[in-house]
Amino acid sequence: MTTRIYVPGDAGAVALGADKVAKALADALERRGVDAQIVRNGSRGMFWLEPLVEVVTPAGRVGYGPVKARDVETLLDAGLLEGKGDALRLGDVEKIPFFAKQERFTFKRVGLTDPVSLDDYRAHGGYKGLERAIELGAAATVEEVFDSGLRGRGGAGFPTGIKWRTVAQCPPGQKYIVCNADEGDSGTFADRMIMEGDPFQLIEGMTIAGLAVGATKGYVYCRSEYPHAVVAMNRAIKVARMAGYLGRSVAGSDYAFDMEVRVGAGAYVCGEETSLLESLEGRRGLVRAKPPLPAHKGLFGKPTVINNVISLASVPFILAEGAKAYADVGFGRSRGTMPIQLAGNVKYGGLYEIAFGVTLGELVDEVGGGTFTGRPVRAVQVGGPLGAYFPRSYFDTPFDYEAFAKRDGLIGHGGIVVFDDSVDMVEQARFAMEFCAIESCGKCTPCRIGSTRGVEMLDQVIAGGAGRERALTIVEDLCHTMKLGSLCALGGFTPYPVMSAITHFPEDFGRGPAMLAAE
Ligand SMILES: Cc1cc2nc3c(=O)[nH]c(=O)nc-3n(C[C@H](O)[C@H](O)[C@H](O)COP(=O)(O)O)c2cc1C
Ligand code: SF4
């Protein structure tokens, strides 16, 4: 019987040597005359164990990691093909606490299945959501998504059902589904993992969206830094089309839907939905003023649903299991699960999907195991480059849109970047302003000029001396202006990392008692 061996083809695992491991394995198996099939699966999301090799044995899947190419012969000699051996053997990877404690709705197949196999996708529940959507019809599908309580995972947390309703209610005619796969937030990789590890799920989610609102065409706008994801999506789209899941008659129904991938040239602001549309239409990524909302006048001036990858990839589960199954878990108005991404200076970095409500402290200290360096955690930035820096005293904050907003923070796309006690928060504040200055689309003055002045003023704060307090007062004033006067959240939210750094870590800005005493 052919032995099945899984070696992730995920870009994160590849960066850690997975391609070399796969090749070493293939060569060694050929030399040994072993009948085996190497499947390039997605990552299980435990990146400190990558490359994580899994072998299918009669007793189940047995994992080994992190495996280097040079380990392959030794592992085979020790009985890897029978799930034996001691070195690097992890046993059943689903029993590793980091994995076992998760509630995987959206990531349930990632790492488990072969991402290029439609049969595997279907064998693990794939396309059940679409079948139910076809049964329900357009209007009831929109209501199902509304009832699930799903909120956009791109950052703003806007209810997906309301967005879909708005587009569905526009007069019939050309409408579009646009998937935002720009994933620009620091420390985030959930979108990439879905596209590489379970691309059919995103295709299914977009197809359901098309059916629900009356759109026949979809685009995935993917960042150019994700070449593996682009290949995986294009390959899966082709397979889905060949199998009749895309095209004039989706799964034999009266609904038509097709889609394609477009690659962005690389700008953080092109993740902002209107700027993304400009880019998709072939222009420079300049933010559009709203109204009109993209739901009314979006791509090529037509009603358009723009959703994040995770929002759309959550939809097949909602349709297959029912809105209630999704809405039943969560916290407050944040329903369902969130794929949280732990990054930065953290011991156990990776993807952790869990119901909303878990506290920041649980995530950083327990799930993440504290810092990689072993030094105390001093700050965490949640929600990407526009997210606030939270100190340890905020570790009781539940992962929930409203709870974070109440503390002048945001959960954004679910990225957590951890810093130990060697971090200099004034440098982080300067970085936030500099990032905004570099990435600003330039359309509005508070962002374009304010961020540049912000960098200059923070340089004065860093230089110290008599002008420091005045410079800091100007930074605060600039933040106020940027927050209230910017056209989009790039300029409008940059004050969050800056002001949270000043508020929670005043000593780094020369305001703390320790620094004052030293002067
Ligand atoms: C500067 C900026 C960058 C953004 N980058 C992304 C991104 O990379 N991915 C994303 O899904 N949303 C991003 N957004 C949010 C989008 O504008 C939009 O709200 C989102 O795509 C809507 O999808 P959702 O409702 O599913 O979250 C960004 C917003 C801003 C202001
Ligand atoms: S806030 Fe910045 S990125 Fe947004 S529209 Fe204004 S200049 Fe452009």
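Right above here is the structure, for reference.
Residues numbered from 1 in each chain as written. Chains lettered and ligands numbered in written order. Predicted model: local features only at pLDDT ≥ 70, side-chain atom pairs only at ≥ 80, totals over all residues. Heavy atoms only, no water.

Looking at the overall build of the chain
Thinking step 1. Assigned secondary structure in the chain consists of 22 helices and 16 strands.
Thinking step 2. The C-alpha atoms of the chain give a radius of gyration of 24 Å, which matches the 24 Å a tight globule of 519 residues would have.
Thinking step 3. Burial statistics for the chain: of 519 residues in total, 58% are counted as buried.
Thinking step 4. Put simply, of all contacts in the chain between residues at least 6 apart along the chain, 71% involve residues at least 24 apart.
Thinking step 5. Carbon and sulfur atoms make up 55% of the accessible area of the chain, which amounts to about 20200 Å² in all.
Thinking step 6. Across the chain, the centroid of the 56 positively charged side chains sits 4 Å from that of the 62 negatively charged ones. (Helix = DSSP H or I, 4+ residues; strand = E, 2+ residues; numbered from the N terminus. Rg over C-alpha atoms; globule rule 2.2 N^0.38 Å. Buried < 20%, exposed > 50% of the residue type's maximum accessible area, 1.4 Å probe, protein only. Contact = heavy atoms within 4.5 Å. Areas by Shrake-Rupley, 256 points an atom, 1.4 Å probe, with all protein chains shown as cover. Lys, Arg positive; Asp, Glu negative; His and termini not counted. Charge placed at Lys NZ, Arg CZ, Asp CG, Glu CD.)

Description of the pairing of strand β13 (residues 350-355)
Thinking step 1. In terms of residue burial, β13 counts as a mostly covered element, since six of its six residues are buried.
Thinking step 2. The sheet contact formed by strand β12 (residues 337-344) and β13 spans six bridges and is antiparallel. Following the sheet pairing, Gln-341 is matched in β13 by Leu-351.
Thinking step 3. Two successive antiparallel strands, β12 and β13, enclose a turn made up of five residues. (Pairing = 2+ DSSP bridges.)

Some points on the site of ligand 1
Thinking step 1. The environment of ligand 1 is formed by 19 residues, the closest being Gly-154, Asn-180, Asn-307, Asn-308 and Ser-311.
Thinking step 2. In this structure, an oxygen atom belonging to ligand 1 sits 3.2 Å away from a main-chain N or O atom of Gly-184.
Thinking step 3. The side chain of Asn-307 places a nitrogen or oxygen atom 2.8 Å from an oxygen atom of ligand 1.
Thinking step 4. Burial of ligand 1 by the protein amounts to 91% of the accessible area it has alone, namely 610 Å².
Thinking step 5. Of all the secondary structure elements, the ones that give two or more residues to the shell around ligand 1 are β9 (304-308) and α20 (489-493). (Near = heavy atom within 4 Å. Polar contact = N/O pair within 3.5 Å; in protein donor to acceptor, adjacent residues only side chain to side chain.)

Brief notes about the packing of helix α17 (residues 425-439) against helix α21 (residues 495-504)
Thinking step 1. Close contact between α17 and α21 brings their axes to 8 Å; oriented N to C, the two are set at 165 degrees. Here α17 lies roughly antiparallel to α21, going by the angle between them. Crossing of α17 against α21: the hand is left-handed. Here Met-425, Ala-429, Ala-432 and Met-433 of α17 lie close against α21, whose contacting residues are Pro-497, Val-498 and Ala-501.
Thinking step 2. In terms of residue class, the contact of α17 with α21 is built from seven nonpolar, no polar and no charged. (Axes fitted to C-alpha atoms, helices over the stretch in contact; angles between N-to-C directions. Parallel < 35°, antiparallel > 145°, perpendicular 65-115°, else oblique. Left-handed = near helix turned anticlockwise from the far one by under 90°. Nonpolar A, V, L, I, M, F, W, Y, C, P; charged D, E, K, R; others polar.)

Some points on the sheet that holds β9
Thinking step 1. Ordered by their spatial adjacency, four strands build an open sheet running β8-β7-β6-β9, and the pairing between neighbours is parallel. Each of the sheet's edge strands pairs with one partner strand only, and the pair in question is β8 (258-263) and β9. Here the strands of the sheet are splayed against their neighbours by 20 degrees on average, with no regard to which way each runs.
Thinking step 2. Taken together, the six bridges between strand β7 (residues 217-222) and β8 define a ladder with parallel strand orientation. Looking at the pairing, Tyr-221 lines up with Arg-262 of β8.
Thinking step 3. Helix α11 (residues 227-242) rests against β7 and β8 of the sheet, and its axis sits at about 165 degrees to β8.

Some words on the sheet that holds strand β15 (residues 389-391)
Thinking step 1. The mixed open sheet is built from five strands, whose spatial order is β13-β12-β16-β14-β15. On the outer flanks of this sheet lie β13 and β15, each paired with one strand and no other. Neighbour-to-neighbour, the strand axes of the sheet open up by a mean angle of 30 degrees, direction not taken into account.
Thinking step 2. Strands β14 (377-382) and β15 of the sheet are contacted by α21, whose axis makes an angle of about 25 degrees with β15.

So, the packing of aromatic side chains
Thinking step 1. Scanning the model with the defined rule gives 20 aromatic pairs in all.
Thinking step 2. Consider the rings of Phe-431 and Phe-435, whose centres lie 6.2 Å apart with planes at 40 degrees: the pair is tilted. Of this pair, Phe-431 and Phe-435 both sit in helix α17, four residues apart, which is roughly one turn of the helix.
Thinking step 3. Here Phe-431 falls in the partly exposed class, since its relative accessible area comes to 46%.
Thinking step 4. Joined through ring pairs, the aromatic side chains of Trp-48, Phe-98, Tyr-348 and Tyr-352 make up one cluster.
Thinking step 5. The ring of Tyr-226 carries the charged tip of Arg-223 above its face, separated from the ring centre by 5.5 Å. (Phe/Tyr/Trp six-rings, centres within 6.5 Å; stacked < 30°, edge-to-face > 60°. Lys NZ or Arg CZ within 6 Å of the ring centre and 35° of its normal.)

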